[in-house]
Amino acid sequence: MTSTLLRSLDTVGLADVGDVGRKSAVLGELRAAGLPVPEGYVLPAEVLDRLLASGRTDALELPGDVVEELDALALRLGGTAVAVRSSAVEEDLPGVSYAGQYETVLDVAGAGDLIAAVRTCWASAFSDRVATYQGTRALGAGRRIGVLIQHMVPAEAAGVAFSANPVTGDRNEVLVSAVRGLGDRLVSGQSTPDEWSVRDGVAVLASGAERAITAEQAALVADLAQRIELRFGAPQDVEWAIADGTLWLLQARPITALPDPPPDVPPGSWQRSNYSTKPLSPMGRSTVFRCQADGIGHLLAYSLGEKLEFREIGGWLYSSFVMTEGVDRIRAKLATIMAGVRADEPAASCLRWHEEWRPALSGELAAERATDPAALTDGELRARLDHVVRLSARASEVHFRLGGAGMLLLGQLGLACQELLGWDAPRTMALLTGLPGSTTAPSHALGELVRLAERHPEVRRLVRTGGDAAACAEADPEFGAALRDYLDEYGFRTVGMDITAPTTAENPALVLSLVRGQLGRGFDPSRAADDLSASRESAVAEASTALADRPDDLARFERALERAQAAYPLRDDSVLLSQTAFALIRRGVLDLGRRLAERGQLRDAQDVFMLELDEALSALRDGTVVDGLVSRRAAEFALAQANPGPRGYGRPVPPSRPPGEWLGMLPPDVREVVAAGMWVWREAGGNLTTSGRGADDDAVVSGIAASNGTYTGPARVVLDETDWHELRPGDVLVCPQTTAEWSVLFPNVGALVTDHGGLLSHPAIIAREYRVPAVLATGDATRRLRSGQLVTVDGSRGVVDIIDSPTAEKEQ
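So, a few notes on the structure that sits alongside this text. None of the values given here were measured: they were computed from a predicted structure.

## A closer look at the overall build of the protein chain
Helices and strands together make up the secondary structure of the protein chain, namely 28 helices and 23 strands. Across its three principal axes, the protein chain shows a C-alpha extent of roughly 110 × 65 × 55 Å. When contacts within the protein chain are restricted to residue pairs at least 6 apart in sequence, those whose partners lie at least 24 apart make up 68%. Here the protein chain displays about 35200 Å² of accessible surface, and carbon together with sulfur accounts for 52% of that area. Taking the average place of the 80 positive charges on the side chains of the protein chain and the average place of its 110 negative ones, the gap between the two points comes to 2 Å.

## Details of the pairing of strand β9 (residues 202-207)
Examined bridge by bridge, strand β8 (residues 194-199) and β9 share 5 bridges and lie antiparallel to one another. Bridge pairing links Trp-196 to Leu-205 in β9. Where β8 folds back onto β9 in an antiparallel hairpin, the turn is made up of 2 residues, including Asp-200, whose phi is positive at roughly 50 degrees.

## What about the environment of Ser-707?
One can find Ser-707 in strand β17 (residues 704-707). C-alpha of Ser-707 to C-alpha of Arg-358: the two residues are 349 residues apart in sequence and 30 Å apart in space. Excluding residues within four positions of it along the chain, Ser-707 makes contact with Ala-767, Arg-768, Val-772, Pro-773, Ala-774, Gly-795 and Ser-796.

## What about the sheet that holds strand β20 (residues 749-754)?
Ordered in space as β16-β23-β22-β18-β19-β20-β21-β17, the 8 strands form an open sheet in which the pairing is mixed. Looking at which strands have only one partner, the edges of the open sheet turn out to be β16 (700-702) and β17. Across the sheet, the axes of successive neighbouring strands diverge by a mean angle of 30 degrees, strand direction being ignored. Where strand β18 (residues 710-717) lies against strand β19 (residues 731-735), 3 bridges are found, and the strand directions are parallel. Bridge pairing in β19 places Ala-715 opposite Val-732.

## Let's talk about the sheet that holds β9
In spatial order, the strands read β9-β8-β7-β6-β10-β11; together these 6 strands make up an open sheet with antiparallel pairing. Two strands lie at the open edges of the sheet, namely β9 and β11 (246-254), each paired on one side alone. The sheet shows a mean angle of 25 degrees between the axes of neighbouring strands, direction not considered. Sitting on the sheet, helix α8 (residues 215-232) is in contact with β6 (157-162), β7 (174-180), β8, β9, β10 (236-243) and β11, with an inclination near 140 degrees to β10.

## Digging into the pairing of β11
Two faces, one strand: in a regular strand the side chains alternate between the faces of the sheet. Both β10 and β11 contribute to a ladder of 8 bridges, which runs antiparallel. Considered in β11, the bridge of Ile-242 is made with Leu-247. The loop that links β10 with its antiparallel partner β11 comprises 2 residues; one of these, Asp-244, has a positive phi angle of about 50 degrees.

## What about the pattern of salt bridges?
Under the defined criterion, the tally for this structure stands at 45 salt bridges. Note that Asp-386 is salt-bridged to Arg-390, the shortest N-O span being 3.1 Å. With a gap of 4 residues between them, Asp-386 and Arg-390 both fall in helix α12 (residues 378-421), about one helical turn apart. On the basis of relative accessible area, Asp-386 is assigned to the partly exposed category, the value being 42%. One salt bridge in this structure joins Glu-397 and Arg-401, with 3.1 Å as the shortest N-O distance. Taken as a pair, Glu-397 and Arg-401 lie in helix α12 at a separation of 4 residues, close to a single helical turn. On the basis of relative accessible area, Arg-401 is assigned to the partly exposed category, the value being 33%. The network of salt bridges with common partners includes Asp-378, Asp-591, Arg-594, Arg-595, Glu-598 and Arg-599.

## Here's the deal with α12
Over its 44 residues, α12 runs 62 Å from end to end, which matches the ideal 64 Å to within 8%, given 1.5 Å per residue. With 31 of 44 residues buried, α12 lies mostly within the body of the structure. At the exit of α12 stands Gly-422, carrying a positive phi of roughly 75 degrees.

## Topic: the environment of Glu-615
Counting through the fold element by element, Glu-615 comes out in helix α22 (residues 613-622). The spatial distance from the C-alpha of Glu-615 to the C-alpha of Ser-286 is 9.9 Å, given a sequence separation of 329 residues. When near neighbours in sequence (up to four residues on either side) are disregarded, Glu-615 contacts Leu-629 and Arg-633. Looking at Glu-615, its side chain comes within polar contact range of the side chain of Arg-633, at 2.8 Å.

## Section: the packing of aromatic side chains
Applying the stated criterion across every chain, the model contains 4 aromatic pairs. With 5.2 Å between their ring centres and 50 degrees between their planes, Tyr-318 and Tyr-649 make a pair best called tilted. Note that Tyr-318 is positioned in strand β14 (residues 316-323) and Tyr-649 in strand β15 (residues 648-649), a separation of 331 residues in sequence. Both residues of the pair, Tyr-318 and Tyr-649, count as buried. An angle of 75 degrees between the planes, with centres 5.5 Å apart, marks the rings of Trp-724 and Trp-742 as edge-to-face. With Trp-724 in the loop between β18 and β19 and Trp-742 in the loop between β19 and β20, the pair connects residues that are 18 residues apart, well separated along the chain. Residue classification places Trp-724 among the buried positions, given a relative accessible area of 4%. For Trp-742, a relative accessible area of 5% translates into the label buried. A cation over an aromatic ring shows up here: Arg-272 above the ring of Trp-316, its NZ or CZ 5.2 Å from the ring centre.

## With respect to the state of the cysteines
The term disulfide refers to a covalent linkage connecting the sulfur atoms of a pair of cysteines. Across all of its chains, the model carries 0 disulfides by this definition. For the unlinked cysteine Cys-417, the closest cysteine sulfur is that of Cys-350, found at 17 Å. Overall, the relative accessible area of 0% leaves Cys-417 in the buried class.

## Considering helix α17 (residues 477-491)
Taking 1.5 Å as the rise per residue, α17 with 15 residues should run 21 Å; its terminal C-alpha atoms sit 19 Å apart, in good agreement. Along α17, the positions that sit buried rather than exposed are Phe-479, Gly-480, Ala-482, Leu-483, Tyr-486, Leu-487, Tyr-490 and Gly-491. The buried residues of α17 occupy an angular sector of 165 degrees when projected down its axis, which confines them to one face. Exposed residues pointing more than 90 degrees away from the buried face of α17 are listed as Pro-477, Arg-484 and Asp-485. The elements touched by buried residues of α17 are α14 (441-455), α15 (457-464), α16 (469-475) and α18 (508-518).

## Concerning the side chain of Lys-333
Tracing the backbone shows Lys-333 in helix α10 (residues 327-342). For the buried Lys-333, no salt bridge exists, and the shortest N-O distance to an oppositely charged side chain is 7.5 Å, to Glu-306. For Lys-333, the side chain forms a polar contact with the main-chain oxygen of Ser-303, separated by 2.7 Å. Ignoring sequence-local partners within four residues, the contact set of Lys-333 consists of Leu-300, Ala-301, Ser-303, Leu-304, Gly-305 and Thr-324.

Each value, and the rule that gives it
Every chain is numbered on its own, with residues counted from 1 as its sequence reads. With pLDDT at 70 or above as the cut-off, local features in this predicted model cover only qualifying residues; side-chain atom pairs require 80 or more to be listed or tallied, and sums for whole chains, interfaces and linings still use all residues. In computing side-chain values, all of the structure's heavy atoms are included and hydrogens and water are not. A helix here means a DSSP run of H or I that spans at least four residues, while a strand means a run of E at least two residues long, and both kinds are numbered starting from the N terminus. In what follows, a contact means two residues having at least one pair of non-hydrogen atoms within 4.5 Å. Method for areas: the Shrake-Rupley scheme with a 1.4 Å probe, in which residue coverage is limited to the protein chains shown. In this tally Asp and Glu are treated as negative and Lys and Arg as positive; neither His nor the chain ends contributes. By convention, charge coordinates are those of NZ in Lys, CZ in Arg, CG in Asp, or CD in Glu. Only strands that DSSP links by at least two bridges are regarded as paired with each other. Working convention: axes come from line fits to C-alpha atoms, limited for helices to the stretch in contact. Angles between N-to-C directions cover 0 to 180 degrees. Any Lys or Arg side-chain nitrogen located within 4 Å of an Asp or Glu carboxyl oxygen qualifies as a salt bridge. Think of it in three bands: residues with accessible area under 20% of the maximum for their type are buried, residues over 50% are exposed, and the middle band is partly exposed, with areas taken using a 1.4 Å probe on protein chains only. Expected helix span is computed as 1.5 Å times (number of residues minus one). Side-chain atoms alone can form a polar contact between residues adjacent in sequence; in general such a contact is a pair of N or O atoms within 3.5 Å, and within protein one must be able to donate a hydrogen while the other accepts it. Each aromatic pair joins two rings of Phe, Tyr and Trp (for Trp, the six-membered one) with centres within 6.5 Å, and gets the label stacked for planes under 30 degrees apart, edge-to-face for over 60, and tilted for any other angle. Over a ring means this: the NZ of a Lys or the CZ of an Arg is within 6 Å of the ring centre and within 35 degrees of the ring normal. The disulfide definition used here is simple: a pair of cysteine sulfur atoms within 2.5 Å. Picture the helix axis, draw a direction to every C-beta atom, and the arc is the one those directions span.

Interpretation note: all reported values are geometric properties and have no functional meaning in isolation.
Rendered as structure tokens:
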């Protein structure tokens, strides 16, 4: 008997959406195009239309002619199992997927079950679930639905694939989710799938333990998804299954609400910045980032690096380092370097810091701090903000100039110690530990606060019980004055790459918690400083003794040591002036936000950080309400924060001729400068030369041995400054990276573990200054360790042993 109602899937295409529903029409179109779609049959929407027109809708009884055709189909199938799936006219539209709203019945065999399955699919069009979906999206109450009957695929593995990343919008990444068996285990949440990322045909397992498919199969699924996208001209959400080694396509629909793709990535190799733990705010991007972008090239003044750039990609900060290539360009760069070296510019920069740059910048910053933004007119506030931004750019340039100079001088010391003494970098760094500078100054001031608190019983009680700064000052005016001095001297600094976070001066409770951590512990930073100085002098004496009978070598060592010791503290000293300048920007921007909020142009003063500076100043001038722009930016910021981009874009290009091949051809003085630069960049970069953990050793985290000693204590994962309050006395600080402003925490730190950093990086410097065992450049400590977990940090071997879980702490 020839069917007059059921249509073969081979006879339908996109032109038949109104008759058979979109799911059936799409699969028919793709089957006709040669894609692996299982054989099937379609019961058109007109059958349900006719039933509804008759008024017999309560039980959804199938008309007699429909029952006859389904009986005949079941007979032809001969017991072959089928999947019966709803195919609504309105589903799988761009922006409106109806995903999961309609019913599917699997493993259907026999006429009775087939008829019941069709009734189930029809009934789903009248469900409360579908009505709610339509109501929340202002859709019409459409009931036109066909039914697709397909040969069941006895899947060994199944899942979904997205031809573009539905979270980041990256059109070059295909995501494949896979489970063993039927795909309904994935849809129902019964199983955690394997998650594959596929780029350029290469599949990488991102997570999951099902091992449902191989990398080759994941790449085949990705290729199928991309072929469907190519046919329909839009990214697709695809359901698939594999049976007996054959890949089958079960459904395809457009990805709804796909975010905009990340911005085009510039050519070259880009690595996500180690110092950026969250996306830049629009305000930070337009102020702090721009202040630093122009001057950062000075870091490369005495190296063969040609270019160091920072770009925002997908909301995150990335950097690209490019070596000088080509004979002519290398020759020109070496000529520039040597002209500066022969003029002794590195040492001159250090001198200019003391005699010119620091006095001038400190004076201007002090004058700006004395100005109250709230007392200014709108025009005056605009002028002050413009001046402070330019002042911040000058401070940043000075910092980077000193950084470039200091790196060469440090490299010359490192090279001298290597060639003359056979010392490695850790032994060399002992010659620089404990030098006077800004890194440990907050510790000495904190020691005075601890002394005052211990002397006054009421202040001690208030600090221990969480009393605020006002109560402590009332109990002891001397303590209150010392706290204000501490906040004024060390607290008026930004504490991250952005200016969104409150400064320590805005958060005196943090300082009181640091004081609380040292009460009764015999905290004596002066004694620790004396011990560090003695250790440094001992290292200097050891080197001098070894070179005593080699006067030329001793002279080279002493000259390199003197110059390196003069330069070493200046990196942190200068960056703290930059952080003070950035705090002035923050203070002015907050007042700008206050004005906009008071005038009804913003909902809250803090929203101003979702604007760029020019936009906020224009709103102040024009009276424009900017809530809509702020809401959009806040959504973009949240999306970027929830979906950080990859660690890197592009592949590093090795130099066509490594410096080692031609270094010996250079004149001796040029060769020494190039080798010094290579030494410092190598040690600053974080080479993993220590004994690392095995691939299956989950109880050990390894990295660089950066500061000697062994310490056992609870880990405290601190991702950025917003988590500082979580740190408890004696904790092992586990963080991505530290900068100079983190130094206020270190009196309470038992040991340090970081994701990033090298022997010359800030975390290594500060750990040695505070005599804290440190393991750096672990790559993933913040992911692998959990707060409260008991760990042992061996800063001599560069390993962290995980002793137990944080269960006990959670129960407290």
